[in-house]
Amino acid sequence: MAQRHQEAYVYPTFCAQTALTSGCYRAVLDEIRSLASLSDEVFDDLYVSLCEAFLNQVQSCPDAHMDNQPIAAVSLERAKIALSLASAIETSDARMRYAAFSAALCLNMGRLITEIQVSLTDINGRHHRTWAPLTEPLDAITEHYRIRPIIGMPARLSEAVTPILARAVMPNLGLQWLSHDHLLFLQWLSALMQQQSDAGE
């Protein structure tokens, strides 16, 4: 079970691939694979690559809106539910299901900027510098980090930067696939920004 956030804790970074194939997120990935109903090759290219990039970025960062559970755990569960609901729609196709899944997964990524500040540290928690989520994945730049909350930033700022962070973790193949359906792509962007789309949801 994923550990809940404690402000004094020094977190080690983890390997997303290991967490998805043999670690704490393996079970949910297996459920997502079953719901997606794609060949293993296509599923790996679209879903697994997205999940790995997402986990490498968010690591163990907490979601203060969900009792400080890890953003990764909360987001994967939400994305699984979104995929399940999309799969139950008779008119849905594989691209629509992927749009629902990826938007639900990346929905609150803006909170990495507006609600927490991540300090890159050594194993003893000594600060080196502050993480810049817009320019660097967390797993690639440190082996240890600490987290403290940021209070008072407007929710609309988080919603505005979420698509930027989502773009960084979306596989090129998946983004191209969504953009080939212009209306669906606009709905996907609206969902990420938690706005009502004039085109319809």
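Residues numbered from 1 in each chain as written. Predicted model: local features only at pLDDT ≥ 70, side-chain atom pairs only at ≥ 80, totals over all residues. Heavy atoms only, no water.

**A word on unusual backbone geometry**
The phi angle at serine 37 is positive, at roughly 55 degrees, despite the residue not being glycine. Within the secondary structure, serine 37 sits in the loop between helix H2 (26–36) and helix H3 (40–58). A relative accessible area of 57% means that serine 37 is categorised as exposed. In this structure, asparagine 68 takes a positive phi of about 60 degrees despite not being glycine. Structurally, the position occupied by asparagine 68 is in the loop between strand E2 (62–63) and strand E3 (69–70). (Helix = DSSP H or I, 4+ residues; strand = E, 2+ residues; numbered from the N terminus. Buried < 20%, exposed > 50% of the residue type's maximum accessible area, 1.4 Å probe, protein only.)

**What about the sheet that holds strand E5 (residues 127–130)?**
Sheet architecture is open: four strands sit in the order E1-E6-E4-E5, paired in antiparallel fashion. The open sheet has two edge strands with one neighbour each: strand E1 (11–12) and E5. The sheet contact formed by E1 and strand E6 (residues 144–149) spans two bridges and is antiparallel. When the bridges of E6 are listed, tyrosine 11 appears paired with tyrosine 145. (Pairing = 2+ DSSP bridges.)

**Overview of the environment of leucine 112**
By the secondary structure assignment, leucine 112 is in helix H6 (residues 111–114). It is 8.3 Å that separates the C-alpha atoms of leucine 112 and serine 158, two residues lying 46 residues apart in sequence. Leaving out residues up to four positions away in the same chain, leucine 112 has contacts with Gln57, Val58, Cys61, Ile71, Trp131 and Pro133. (Contact = heavy atoms within 4.5 Å.)

**Here we look at helix H4 (residues 71–87)**
Over its 17 residues, H4 runs 24 Å from end to end, which matches the ideal 24 Å to within 8%, given 1.5 Å per residue. The inward-facing, buried residues of H4 abut H2, H3, E2, E3, helix H5 (94–106) and H6. (Expected span 1.5 Å × (residues − 1).)

**Focus: the packing of aromatic side chains**
With the rule as written, the count across this model stands at seven aromatic pairs. Measuring from centroid to centroid gives 4.7 Å for tyrosine 9 and tyrosine 11, while their planes differ by 80 degrees, and the two rings are edge-to-face. Judged by its relative accessible area of 31%, tyrosine 9 falls in the partly exposed class. When its relative accessible area of 2% is taken as the criterion, tyrosine 11 is described as buried. When the centroid spacing of 5.7 Å and the interplanar angle of 20 degrees are considered together, the rings of phenylalanine 185 and tryptophan 188 count as stacked. Of the two residues, phenylalanine 185 and tryptophan 188 both sit in helix H10 (residues 182–192), three residues apart, roughly one turn of that helix. Given the relative accessible area of 5%, tryptophan 188 is considered buried. Ring-pair connections join several aromatic residues into one group, and the members of that group are Phe43, Tyr47, Tyr98, Phe101 and Trp177. (Phe/Tyr/Trp six-rings, centres within 6.5 Å; stacked < 30°, edge-to-face > 60°.)

**A few points about the pairing of strand E4 (residues 116–121)**
Within a regular strand, the side chains alternate between the two sheet faces. Counting buried residues along E4, five of its six residues qualify, which places the element largely inside the surrounding structure. Relative to E6, E4 runs antiparallel, the two being bridged by six bridges. Counterpart to glutamine 117 in the pairing with E6 is arginine 148. Pairing of E4 with E5, which is carried by three bridges, proceeds in the antiparallel orientation. Note on E5: the bridge partner recorded for threonine 121 is histidine 127. Following E4, the chain reverses through five residues before pairing antiparallel with E5; glycine 125 in that reversal takes a positive phi of roughly 90 degrees.

**A word on the environment of cysteine 51**
Structurally, the position occupied by cysteine 51 is in helix H3. Looking at cysteine 51, the relative accessible area reads 1%, which means it is buried. Considering only alpha carbons, one finds cysteine 51 and proline 149, 98 residues apart in sequence, at a separation of 25 Å. Those residues in contact with cysteine 51 that sit more than four places away from it in its chain are Leu20, Leu29, Leu76 and Phe101.

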